[in-house]
Protein chains: 2
Amino acid sequence: MKKIAIAIHGGAGTIAPHLLTPALEKAYLEGLNNALDAGYAVLKNIGSATEAVAKAVMSLEDHPLFNAGKGAVFNHIGGHEMDAAIMQGVDLKAGAACGVPSIKNPILLAKAIMEHSEHVMMASDGALTFAKQHGIAIEDDAYFYTEQRYNQWQAIKDSEKFQLDHTETNGEKKFGTVGAVALDQFGNLAAATSTGGMTNKKYGRIGDSPVIGAGTYANNATCAVSCTGHGELFLRSVVAYDISCLMAYKNLTLKEACDLVVYDKLVKIGGEGGLVALDHFGNIEMPFNSEGMYRAKINLNGERDVKIYK
Amino acid sequence: MKKIAIAIHGGAGTIAPHLLTPALEKAYLEGLNNALDAGYAVLKNIGSATEAVAKAVMSLEDHPLFNAGKGAVFNHIGGHEMDAAIMQGVDLKAGAACGVPSIKNPILLAKAIMEHSEHVMMASDGALTFAKQHGIAIEDDAYFYTEQRYNQWQAIKDSEKFQLDHTETNGEKKFGTVGAVALDQFGNLAAATSTGGMTNKKYGRIGDSPVIGAGTYANNATCAVSCTGHGELFLRSVVAYDISCLMAYKNLTLKEACDLVVYDKLVKIGGEGGLVALDHFGNIEMPFNSEGMYRAKINLNGERDVKIYK
């Protein structure tokens, strides 16, 4: 059997430890395990890394506890604007959708953009039109309603606040994003990221998640990366491609590159968050400089690890 | 007098040489000279690189011959969706707007996002709302109408064509973008890019121009870069940040980094286009692998150079 590996995250914005009841912890870990299984099953069945990251992210999008797809946060008018991106390392093909409403699984839209269009990035209503033409599942507002997200929005909707600052709302911090990286039996890498963005967000704000090079990047020559964190600072730091360049141009290992970016460069500018990364040897890194990061992996030896805090 | 320098481009999508009448050539060169003067005047008056690139790009946006602001191409429903980004090297602050209608000078919206919001990137109607709240000038459809762009759209609007392929429409190829890079007396770099995108574009397509790291990037430690070309391939290649990383991590000179990216890496994947770049020493590079690129510069010695073809 050839080398396969996968790592996923459910966001660096974890719930405060004192609010994590045993039942809630179980639900989070179950969600992570299910997503990990969905992606790993693809890899075991000789599927592609692209398919594996898409399946893992879909599973997290379908889970109401994670801020993507069902469970996406409310924007300032009570709607949902979602972002997603996917990239495959074999040919550097990529697809991204930003600010799209109504898409059940935004990662499938990003994948369709990559596979069935000549474009990389599509936004808002135009992206929705493309989705409809390509049979991507659409859901009504009721599907995206979750009581937890609604209450988070209600708590701040009449303020100018959006969850970019470091306040907590109902004990949960802001960085709700999901993502996955995988290495398949053909030696190909892929990365995928999906998010509902920030509660009460305005102005069609786009973070790093759907931006190739910032929140999402994959290149067989180096690594696959999916980020979660303070999107603006991740965007300005071109985080995912920075890790790839540190490996390609400075000969750093994946661990050295991840440590430099997450624990040094990002910390210096106040860039809270983390990422999951996987190199072409199958090494996995899941660094974060926040209190916690929902994360899980199955390494080259088939060993599973699922964690929330440090 | 301290070192100042500026370089601008009006797109790598030049008109076919045999269609360039003397009158039209004069108009293009005049437009480039005016934009260069607008940016250079800021630098001479001890203004910032940020202000200089914004002024140079505004001048090109106001000129109907260039595909940005007035003169922006028509999308598939006869509207205009514009993209712009600005970044300053002193603190890596950045602002970007994508898919916005009605903004007279999209670069001023990008600058306002950088200076007056906690965000980096805003899209479509949300970005327009932010513009209105910050007094950014809005124009009606009549302002954006130019006969040349209308005819280009009419020629292909009933087809599935958009100008991503290598067809010419009325003798003009596709890569209509404007941009500028500058070095001010304080040693600070900045980059700005603005575009109307592709004629007959659909689906809210976004190219590399408003993507920090892809079409636009600036960092005092390395360089400022503004790109123009086949947006999808520039996005997947994270072109602007790649040049910065080649300098920072591989110790290449600006020229070596630009040559590697534009004449080797992009050519290998069919990525037609070019860029203007400026390093912290004031060296200017304006490489392109297309037939021509509208471009102009004033170097450290105050020498001016304005060109269209090789």
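Residues numbered from 1 in each chain as written. Chains lettered and ligands numbered in written order. Predicted model: local features only at pLDDT ≥ 70, side-chain atom pairs only at ≥ 80, totals over all residues. Heavy atoms only, no water.

Draft legend 1. Main features of the relation of the copies chain B and chain A. With an RMSD of 0.0 Å, the fit of chain B onto chain A corresponds to turning through 180° and sliding 0.0 Å along the axis. Such a combination of turn and shift is consistent with a two-fold rotation axis. For chain B, the minimum C-alpha distance to the rotation axis belongs to Tyr-249 of chain B and amounts to 2.8 Å. A share of 100% of the interface residues of chain B reappears at the interface of chain A, consistent with the copies meeting face to face through the same patch. (Least-squares fit on C-alpha atoms with pLDDT ≥ 70 in both. Contact = heavy atoms within 4.5 Å.)

Draft legend 2. Summary view of the environment of Tyr-217 of chain A. Mapping Tyr-217 of chain A onto the fold places it in strand β8 (residues 216-218). For Tyr-217 of chain A, a relative accessible area of 1% gives the class buried. Along the backbone, Tyr-217 of chain A and Ile-86 of chain A are 131 residues apart, and their C-alpha atoms lie at a distance of 7.8 Å. Excluding its chain neighbours within four sequence positions, the residues that come into contact with Tyr-217 of chain A are Met-87, Leu-92, Ala-191, Ile-212, Cys-223, Ala-224, Val-225, Ala-240, Tyr-241 and Ser-244 of chain A together with Arg-236 and Val-238 of chain B. A distance of 3.1 Å separates the side chain of Tyr-217 of chain A from the side chain of Asn-219 of chain A, its partner in a polar contact. (Helix = DSSP H or I, 4+ residues; strand = E, 2+ residues; numbered from the N terminus. Buried < 20%, exposed > 50% of the residue type's maximum accessible area, 1.4 Å probe, protein only. Polar contact = N/O pair within 3.5 Å; in protein donor to acceptor, adjacent residues only side chain to side chain.)

Draft legend 3. A look at helix α6 (residues 147-156) of chain B. Residues and elements named next belong to chain B. Here α6 has its buried residues at Arg-149, Gln-152, Trp-153 and Ile-156. Axial view of α6: buried residues confined to an arc of 95°, hence all on one face. Pointing more than 90 degrees away from the buried face of α6 are the exposed residues Glu-147 and Ala-155. (Arc of directions from axis to C-beta.)

Draft legend 4. Examining the pairing of strand β9 (residues 223-229) of chain B more closely. Residues and elements named next belong to chain B. Of all seven residues making up β9, seven are buried, and the element is well covered by its neighbours. For strand β8 (residues 216-218) and β9, the ladder comprises three bridges, and the chain directions are antiparallel. Across the sheet, Ala-218 pairs through a bridge with Ala-224, a residue of β9. Taken together, the seven bridges between β9 and strand β10 (residues 273-279) define a ladder with antiparallel strand orientation. Paired with Thr-228 across the strands is Gly-274, a residue of β10. (Pairing = 2+ DSSP bridges.)

Draft legend 5. Molecular detail of the packing of helix α1 (residues 22-44) of chain B against helix α2 (residues 49-61) of chain B. Residue and element names in this part refer to chain B. Direction vectors running N to C along α1 and α2 enclose 160°, while the axes themselves pass 8 Å from each other. When the axes of α1 and α2 are compared, the pair comes out roughly antiparallel. Between α1 and α2 the crossing geometry is right-handed. From α1, Gly-31, Leu-32, Asn-34, Ala-35, Ala-38, Gly-39, Val-42 and Leu-43 reach across to α2, where they touch Ala-49, Glu-51, Ala-52, Lys-55, Ala-56, Ser-59 and Leu-60. For the contact of α1 with α2, the per-class residue count stands at nine nonpolar, four polar and two charged. (Axes fitted to C-alpha atoms, helices over the stretch in contact; angles between N-to-C directions. Parallel < 35°, antiparallel > 145°, perpendicular 65-115°, else oblique. Left-handed = near helix turned anticlockwise from the far one by under 90°. Nonpolar A, V, L, I, M, F, W, Y, C, P; charged D, E, K, R; others polar.)

Draft legend 6. Expanded view of the packing of helix α3 (residues 106-116) of chain B against helix α4 (residues 124-133) of chain B. All names here are of chain B. At a minimum axis distance of 10 Å, the contact between α3 and α4 shows a crossing angle of 75°. It follows from the interaxial angle that α3 and α4 lie roughly perpendicular. Counting all contacts with α3, which are made through Leu-109, Ala-112, Ile-113 and His-116, the residues of α4 involved are Ala-127, Phe-130 and Ala-131.

Draft legend 7. Looking closely at the interface of chain B and chain A. Listed by partner, the interface residues are 41 residues for chain B and 41 residues for chain A. Summed over both sides, the interface between chain B and chain A buries roughly 3500 Å², with carbon and sulfur atoms accounting for 65% of that surface. It is Tyr-203, Arg-236 and Tyr-249 of chain B that lose the most area in chain B upon contact with chain A, and together they represent 25% of the buried surface on that side. At the junction of chain B with chain A, the criterion picks out zero salt bridges. Between chain B and chain A we count 21 residue pairs in polar contact (both at pLDDT 80 or more) in total. Elements that contribute at least two residues to the side of chain B that touches chain A include exactly β3 (93-100), β4 (121-123), α4, β7 (205-206), α7 (231-237) and α8 (239-250) of chain B. For the side of chain B that touches chain A, the class distribution of residues is 24 nonpolar, eight polar and nine charged. (Buried area = accessible area lost by both parts, 1.4 Å probe. Salt bridge = Lys/Arg side-chain N within 4 Å of Asp/Glu carboxyl O.)

Draft legend 8. Inspection of the nonpolar core at higher detail. Grouped together as the largest cluster of nonpolar side chains are 102 residues, with contacts concentrated most on Met-121, Ile-243 and Leu-275 of chain A together with Met-121, Ile-243 and Leu-275 of chain B. Leaving out residues up to four positions away in the same chain, Leu-275 of chain B has contacts with Val-225, Ser-226, Cys-227, Val-239, Ile-243, Cys-258, Val-262, Glu-285, Met-286, Pro-287 and Met-293 of chain B. (Core = buried A, V, L, I, M, F, W, Y, C linked by side-chain atoms within 4.5 Å.)

Draft legend 9. Examining the sheet that holds strand β10 (residues 273-279) of chain A more closely. Residue and element names in this part refer to chain A. Strand order across the open sheet formed by four strands is β8-β9-β10-β11, with antiparallel pairing between neighbours. Edge positions in the open sheet fall to β8 and β11 (284-285), since each of these has one partner strand only. In the packing of helix α9 (residues 254-268) onto the sheet, the strands contacted are β9 (223-229), β10 and β11, and the crossing angle to β10 comes to about 165°.

Draft legend 10. Representation of helix α8 (residues 239-250) of chain A within the structure. Residue and element names in this part refer to chain A. With 12 residues, α8 ought to run about 16 Å at 1.5 Å a step, and its terminal C-alpha atoms sit 15 Å apart, in line with that. Among all positions in α8, only Val-239, Ala-240, Tyr-241, Asp-242, Ile-243, Ser-244, Cys-245, Leu-246, Met-247 and Tyr-249 are buried. After α8 finishes, the residue Asn-251 shows a positive phi value of roughly 55°. (Expected span 1.5 Å × (residues − 1).)

Draft legend 11. A look at the sheet that holds β4 of chain B. Read across the open sheet, the nine strands follow the order β7(A)-β4(B)-β3(B)-β2(B)-β6(B)-β5(B)-β1(B)-β12(B)-β13(B); overall the sheet is mixed. Strand pairing shows two members of the sheet lacking a second neighbour, β7 (205-206) of chain A together with β13 (304-309) of chain B, which therefore form its edges. Pairing of strand β1 (residues 5-9) of chain B with strand β5 (residues 178-183) of chain B, which is carried by five bridges, proceeds in the antiparallel orientation. Note that in β5 of chain B the partner of Ala-5 of chain B across the bridge is Leu-183 of chain B. The strands that α2 of chain B touches are β1, β2 (82-88), β5 and β6 (189-195) of chain B; relative to β5 of chain B, the one it contacts most, it runs at about 155°. Those strands touched by α4 of chain B are β3 and β4 of chain B, and its axis lies near 110° from that of β4 of chain B.

Draft legend 12. Representation of unusual backbone geometry in the model. All names here are of chain B. For Ile-46, which is not glycine, the phi torsion reads 60° and is therefore positive. Positionally, Ile-46 belongs in the loop between α1 and α2. Despite not being glycine, Asn-200 has its phi angle at roughly 65°, a positive value. Along the chain, Asn-200 turns up in the loop between β6 and β7. The exposure class of Asn-200 is buried, given its relative accessible area of 2%.

Draft legend 13. Quick look at the confidence of the model for chain A. With 95% of its residues at a pLDDT of 70 or more, chain A has an overall mean of 94. In the model output, the complex is listed with pTM 0.96 alongside ipTM 0.95. (pLDDT = per-residue confidence, 0-100.)

Draft legend 14. Looking closely at the pattern of salt bridges. Residue and element names in this part refer to chain A. For the coordinates displayed, the defined rule picks out 20 salt bridges over all chains. Its salt-bridge partner being Asp-259, residue Lys-255 comes within 2.9 Å of it at the nearest N-O pair. With a gap of four residues between them, Lys-255 and Asp-259 both fall in helix α9, about one helical turn apart. Judged by its relative accessible area of 22%, Asp-259 falls in the partly exposed class.

Draft legend 15. Examining the environment of Gln-154 of chain B more closely. All names here are of chain B. Secondary-structure assignment places Gln-154 in helix α6. Residue classification places Gln-154 among the partly exposed positions, given a relative accessible area of 32%. Spatially, the C-alpha atoms of Gln-154 and Glu-256 are 42 Å apart, while their sequence positions differ by 102 residues.

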